Amino acid sequence: MRDALLLYLLVTGVGAAVILAMPGLVLVGLMLLVLPGVVMGALPTAFFWGACFALLWFPLQPALGDGGAALAAVLLASGGLVGVTVPGNLAARATLRRLALPDVRPPERFALSGDVRLDLIGGGQWDQDPSVRVDGSRPYRCDALALAVLGLPGVTSVTLNASRPDGELVPSARTFRIVPRGERGDRLLARPLLSHRVEALGDTPEARRACEAHLLAALVDGCLVMDRAMPRFDVRVRELWEDRFSARAHRWSLGASTPSVRSLVVEDSAGACIARFRRVSITAPRPPLLVGLHMQGMNEIFFRWHRWTHGDPGVGDAMLGAVHALRALTDLGLPAPETDVLDALRSALDAGLSDPGRTNRDPAFASFAPYVRALAHARPTDGDIDLTRRALRDRRVKELYRAHALPEVFGDLTPFRDAMVARIAESTPEESGDAGTLSHHLDRMPPGSFATLTPTEDALLDDPIQRVRAGGLITRLADQGSAAVPRLLALLDAHLPLVDSGRTGAERRVARATHEPVVTAVQDALGRLGPVAASARHQIEQLSTDGSVPAWIGRREAWLAMRVRLGTPIGHVVPLGDAAIEARVRRTVAKLER
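These notes cover the structure that comes with them. Small disclaimer: the values here were computed from a predicted structure and weren't measured. (Residues numbered from 1 in each chain as written. Predicted model: local features only at pLDDT ≥ 70, side-chain atom pairs only at ≥ 80, totals over all residues. Heavy atoms only, no water.)

A closer look at the overall build of the protein
Thinking step 1. Scanning the protein for helices and strands turns up 23 helices and 13 strands.
Thinking step 2. For 594 residues, the compact-globule estimate of 2.2 N^0.38 gives 25 Å, and the protein exceeds it by more than 25% at 32 Å.
Thinking step 3. Taking all contacts inside the protein whose residues are at least 6 apart in sequence as the whole, residues at least 24 apart take part in 72%.
Thinking step 4. Total accessible area on the protein stands at roughly 28,100 Å², and carbon and sulfur atoms take up 58% of it.
Thinking step 5. Measuring between centres, the 69 positive side-chain charges of the protein sit 5 Å from its 65 negative side-chain charges. (Helix = DSSP H or I, 4+ residues; strand = E, 2+ residues; numbered from the N terminus. Rg over C-alpha atoms; globule rule 2.2 N^0.38 Å. Contact = heavy atoms within 4.5 Å. Areas by Shrake-Rupley, 256 points an atom, 1.4 Å probe, with all protein chains shown as cover. Lys, Arg positive; Asp, Glu negative; His and termini not counted. Charge placed at Lys NZ, Arg CZ, Asp CG, Glu CD.)

Some remarks on the sheet that holds strand S9 (residues 260-268)
Think of a sheet as strands paired side by side through backbone hydrogen bonds, with each pair either parallel or antiparallel.
Thinking step 1. Spatially, S5-S7-S4-S3-S1-S8-S9-S10-S13 is the arrangement adopted by the nine strands of the open sheet, whose pairing is mixed. Edge strands, defined here as strands with exactly one partner in the open sheet, are strand S5 (188-189) and strand S13 (307-311).
Thinking step 2. Bridging between strand S10 (residues 273-285) and S13 involves five bridges; their strand directions are antiparallel. Each bridged residue has a counterpart across the sheet, and for Ile282 the counterpart in S13 is His310.
Thinking step 3. Against the sheet, helix H4 (residues 86-99) engages S9, S10 and S13, with an angle of about 175° to S10.
Thinking step 4. The strands touched by helix H7 (residues 322-329) are strand S1 (114-120), strand S8 (235-242), S9 and S10; relative to S8, the strand with the most contacts, the crossing angle is about 140°. (Pairing = 2+ DSSP bridges. Axes fitted to C-alpha atoms, helices over the stretch in contact; angles between N-to-C directions.)

With respect to the pattern of salt bridges
When charged atoms on two side chains of opposite charge get close, those side chains can pair.
Thinking step 1. A full pass over the atoms with the stated rule returns 41 salt bridges.
Thinking step 2. For Asp119, the salt bridge goes to Arg236, with nearest N and O atoms at 3.7 Å. One end of the pair, Asp119, is in strand S1; the other, Arg236, is in strand S8, with 117 residues separating them in the sequence. Taken as a pair, Asp119 and Arg236 share a single burial class, namely buried.
Thinking step 3. Close ionic contact of Arg327 with Asp203 constitutes a salt bridge, the shortest N to O distance being 2.8 Å. Pair noted here: Arg327 is in helix H7 and Asp203 is in the loop between strand S6 (192-193) and helix H6 (205-217), with a separation of 124 residues, a long-range link.
Thinking step 4. Bridged by salt links that share partners, the residues Asp103, Arg279, Asp312 and Asp317 form one connected network. (Salt bridge = Lys/Arg side-chain N within 4 Å of Asp/Glu carboxyl O. Buried < 20%, exposed > 50% of the residue type's maximum accessible area, 1.4 Å probe, protein only.)

Looking at a nonpolar patch on the surface
Thinking step 1. A contiguous nonpolar surface patch, about 610 Å² in accessible area, is contributed by Leu7, Leu10, Val11, Val14, Val18, Met22 and Leu25.
Thinking step 2. Within the secondary structure, Leu10 is located in helix H1 (residues 2-21).
Thinking step 3. Look at Leu10 and you get exposed, because its relative accessible area is 54%. (Patch = residues over 30% accessible without salt bridge, like charges linked within 9 Å, V, L, I, M, F, W, Y side chains within 5 Å.)

Some points on the pairing of S1
Thinking step 1. A large share of S1 lies buried, amounting to seven of its seven residues.
Thinking step 2. Looking at chain direction, S1 and S8 are connected through four bridges and run parallel. Looking across to S8, one finds that Asp119 is bridged to Arg238.

Thoughts on the nonpolar core
Thinking step 1. With 114 residues, the main nonpolar core has Leu145 and Phe368 as its most contacted residues.
Thinking step 2. Setting aside its immediate chain neighbours within four residues, Leu145 contacts Leu118, Leu120, His196, Arg197, Ala200, Ala322, Val323, Leu326 and Leu332.
Thinking step 3. Counting residues in each nonpolar core, the second largest holds 11 residues, with Val26, Met40, Val291 and Phe303 among its members. (Core = buried A, V, L, I, M, F, W, Y, C linked by side-chain atoms within 4.5 Å.)

A short note on helix H14 (residues 432-442)
Thinking step 1. All of the buried residues along H14 are Asp434, Ala435, Thr437, Leu438, Ser439, His441 and Leu442.
Thinking step 2. Tucked inside the fold, the buried residues of H14 contact helix H11 (382-393), helix H12 (406-410), helix H13 (417-426) and helix H16 (471-475).

Comments concerning the side chain of Arg141
Thinking step 1. Within the secondary structure, Arg141 is located in the loop between S1 and strand S2 (142-143).
Thinking step 2. Relative accessible area serves as the criterion here: at 10%, Arg141 is assigned to the buried category.
Thinking step 3. Among all residues touching Arg141, those that are not within four sequence positions of it are Gln125, Trp126, Asp127, Leu160, Phe176, Arg191, Pro192, Leu193 and Glu399.

Concerning unusual backbone geometry
In most cases, non-glycine residues show a negative phi, while peptide bonds are predominantly trans.
Thinking step 1. Cis rather than trans, the peptide bond between Pro287 and Pro288 has omega equal to -15°.
Thinking step 2. Residues other than glycine seldom take positive phi values, yet Arg197 does so here, at roughly 60°.
Thinking step 3. Residue position: Arg197 is located in the loop between S6 and H6.

Some points on the packing of H13 against H14
Thinking step 1. Axis separation between H13 and H14 bottoms out at 9 Å; the angle between their running directions is 145°. As H13 packs across H14, the resulting crossing turns out to be left-handed. Contacts from Met420, Val421, Arg423 and Ile424 of H13 reach H14 at Asp434, Ala435, Leu438, Ser439, His441 and Leu442.
Thinking step 2. Each residue belonging to the contact of H13 with H14 can be placed in one class, and the counts come to six nonpolar, two polar and two charged. (Left-handed = near helix turned anticlockwise from the far one by under 90°. Nonpolar A, V, L, I, M, F, W, Y, C, P; charged D, E, K, R; others polar.)

Below is the structure:
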């Protein structure tokens, strides 16, 4: 038995040392055949238990013999592996009893009023506009939750702050108010960010759109302004996550972990509790003592004593979040009155577009996306077409991606073609997102729309700086048939060498983000043309085989399908024997042939 025990310790010890040094091997084993991963994950525990057994068996064997020593070692080792976990678990239960508090829930919904302060975990989304920074700090934007609270009757201001244990204000905290336009003075305009914490507006997309439209319509005659954060409040809503324990910090500890306390507290200016929800959790080693694998994301994998949780970690408890708690306890997020807001949104957007003195921070311009969504439930008029054209043309209207329903609302986007192209032509690198949205809309216009380009479109494609944001227009050159081939190849010659240019990694990332859209657009246009663009085959094949095309582009299914469409046999395009890639390329070619 001595030899068998030594062999067991040698095999499991070497295996445990390798696995502890490279815990990622366990995941590889689980992903490949499952069983190898399970065996590798059990090696540290197997060696640890075997070592505990051996430490008792060797001194007992001379007196008790092999069998008696083995029985005694098993009993003593088992008792010890359970016993060492007892103090930690007792301490965890004592801490839990000391920190746990009962929930406090008001008997009925209460009304928020006066100055409301929201101390939220993570604070909010920063406003990146440098013109609104105070003392170098980026202010939080007025998100959906802050605006929804501000829209409640009786609420005069909302202060958005990041939660801190000491309850102090952070530099980015700001107080938001709605004031008449004539009373704005020198206050800074606040841009609403209704795409953040949207669950404050309702349970369903329809309810959220209705609440969003109502809130923006209420700003037709007012201004959303922000001031320095006001320290006083009438009601404060606090999300807290105190003493979050770290699994790594307690990796090999046999004691209880640091307690994790999550809570939501609603209190008045005097500190009286209106509502409270508190969840405490604490971990301790699980008996018998095991070595378990722990993951904190894919990049942090390590072994530790296997632990279990005492208390309630609060994971998934909606009442620990300010949005869900306020929706359950107040009138926040209740269905908006069934009144038509389309006219109010029309008025707000028209007023903003008609006044050249308003800046892009005016909430009137944030009403464009809700206006488009409201049109989806109405019949657009000629006036709506004109208003939408003006909005697309006006660079003060931002976040055009939120108006993604334009094609569904209007069907044919041809009336907006000139406005979209002009907006793309005037866009800056900071507006590449809006330009990309408009470029995508150009690609969705009816077939043949771009058989003849306008002078503005020609000038846009001739501009090496602006055309990088006009991928949709480049793709639509396919409408011109074989006449477009020389221009497409010229665009490819101009931008393909720049895709991987740059001396540093950051420069190469910028170059790729800038020039890849042009290469992709040319690829898509030639793929659509197919045999009509057969004259481009020789140049494309030369680029694909002489190393001019980066490998990450040349291996893309769309690039391979484009080569096949131009006439190159698929056997010359797809690596020999790679049936899976060949099948995907054939499917892509079939889609392009439709």
